[in-house]
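Tertiary structure, described
Spelled out from the first residue to the last, the chains are:
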Amino acid sequence: MNSGKKLRVAILASGRGSNLQALLDAAVEPDYPAEIGGVFCDKSDAQALERAKKAGVPAVWVDPAGENYEDRLAAEIEAVGCGLICCAGYMKILSPAFVARFPDKIINIHPSLLPSFPGFHGQRQALRAGVRVAGCTVHFIDEGVDTGPIILQAAVPILPEDTEETLSARILWFEHRIYPLTVRLIAEGLVHREGTRVRLSGVDINHEGGFISPPVKIL
Ligand code: GRF
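Reading the values: rules and limits
Residues numbered from 1 in each chain as written. Predicted model: local features only at pLDDT ≥ 70, side-chain atom pairs only at ≥ 80, totals over all residues. Heavy atoms only, no water. Axes fitted to C-alpha atoms, helices over the stretch in contact; angles between N-to-C directions. Helix = DSSP H or I, 4+ residues; strand = E, 2+ residues; numbered from the N terminus. Parallel < 35°, antiparallel > 145°, perpendicular 65-115°, else oblique. Left-handed = near helix turned anticlockwise from the far one by under 90°. Contact = heavy atoms within 4.5 Å. Domains from an automatic or database assignment. Buried area = accessible area lost by both parts, 1.4 Å probe. Salt bridge = Lys/Arg side-chain N within 4 Å of Asp/Glu carboxyl O. Phe/Tyr/Trp six-rings, centres within 6.5 Å; stacked < 30°, edge-to-face > 60°. Buried < 20%, exposed > 50% of the residue type's maximum accessible area, 1.4 Å probe, protein only. Lys NZ or Arg CZ within 6 Å of the ring centre and 35° of its normal. Pairing = 2+ DSSP bridges. Expected span 1.5 Å × (residues − 1).

One way to put it is that helix α1 (residues 18-28) packs onto helix α6 (residues 164-187) with a least axis distance of 9 Å and a crossing angle of 45°. Judged by the inter-axis angle, α1 sits oblique to α6. Regarding α1 and α6, the two cross each other, and that crossing is right-handed. Taken together, the residues of α6 that come into contact with α1 (itself represented by S18, N19, A22, L23 and A26) are L172, E175, H176, Y179, P180 and V183.

On domain assignment, one finds that the chain holds domain 1 (1-103) and domain 2 (108-219). Using only C-alpha atoms to locate each centre, domain 1 and domain 2 end up separated by 22 Å. Each partner contributes to the interface: domain 1 provides 21 residues, whereas domain 2 provides 17 residues. Across the domain 1 to domain 2 interface the summed buried area is about 1600 Å²; carbon plus sulfur atoms make up 71%. If you sort the residues of domain 1 by the area they bury against domain 2, N19, Y32 and C87 come out on top, with a joint share of 28%. Remark: the boundary between domain 1 and domain 2 carries zero salt bridges.

Moving on, we come to the packing of aromatic side chains. Applying the stated criterion across every chain yields a total of two aromatic pairs. Each ring, one from F98 and one from F102, has its centre 5.1 Å from the other, and the planes form 50°; the classification is tilted. Judged by its relative accessible area of 2%, F98 is buried. Aromatic side chains W173 and F174 sit 4.9 Å apart centroid to centroid with 75° between the ring planes, which places their arrangement in the edge-to-face category. Sitting over the face of the ring of Y69, K92 holds its NZ or CZ atom 5.8 Å from the ring centroid. Note that R177 overlies the ring of W173, its terminal NZ or CZ placed 3.6 Å from the centroid.

A word on the sheet that holds strand β2 (residues 34-41). Taking strand neighbours across the sheet as the criterion, the seven strands line up as β3-β2-β1-β4-β5-β6-β7 in an open arrangement whose pairing is mixed. The open sheet terminates on both sides in strands that have one partner only, identified here as β3 (59-61) and β7 (150-157). With strand direction ignored, the average angle separating the axes of adjacent strands in the sheet is 20°. In terms of strand pairing, β2 meets β3 through three bridges, oriented parallel. Bridge pairing in β3 places C41 opposite W61.

We now examine α6. Taking 1.5 Å per residue as the helical rise, α6 with its 24 residues ought to reach 34 Å, and the 34 Å between its terminal C-alpha atoms agrees with that figure. The complete set of buried residues in α6 reads L167, S168, I171, L172, E175, I178, Y179, P180, T182, V183, L185 and I186. Where α6 ends, the next residue or the one after it, G189, has phi of about 75°, a positive value.

As structure tokens, this is what we get:
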């Protein structure tokens, strides 16, 4: 249901849909300034479709086979009248034509501290590189792969015993928090794209913090 005031959001997903779930859960809160207008999947068996149906949100499978897939996808999104498109585990790369059709209206969440480790398996790439800090990034989508202006990031330590699974779980916990937070900030008009950078306005920024990784004790 469109309240008329809330930002209407379309979500693109291909699989598990845990980030979609975080957004659906946030949108249930009466004071959340966005609502989920529809979930669009390129995989007919995506768990994301089930999550959408359970939440009473339109769940649309758009068959990627055949002609004009992205045109059909864009038409479906436009039909529900969404002002923001969130990629949440959407495994296809959007074409420049699709991105141009929704200027500054498409965002993505990626499981690394971009611009490090774009593409597949960001967590695995971080472990292999031996970095001590990993994390996740919400960014605008541009014509590149995971290259668009960064909106929010969360950082986590990489611990000596970490596997791809344990690190992914640690990062995912923050994904589920910074994605709904980003959508809230956008809905409230506090996110301003300025070229390759993003300025946040009206946000109370805590200047304390920072950590050593791994979290060794300083004697
Ligand atoms: C997440 O790690 C997200 O950062 C990446 O793909 C994964 C999707 O997970 N883009 P889910 O489908 O949201 O559970």
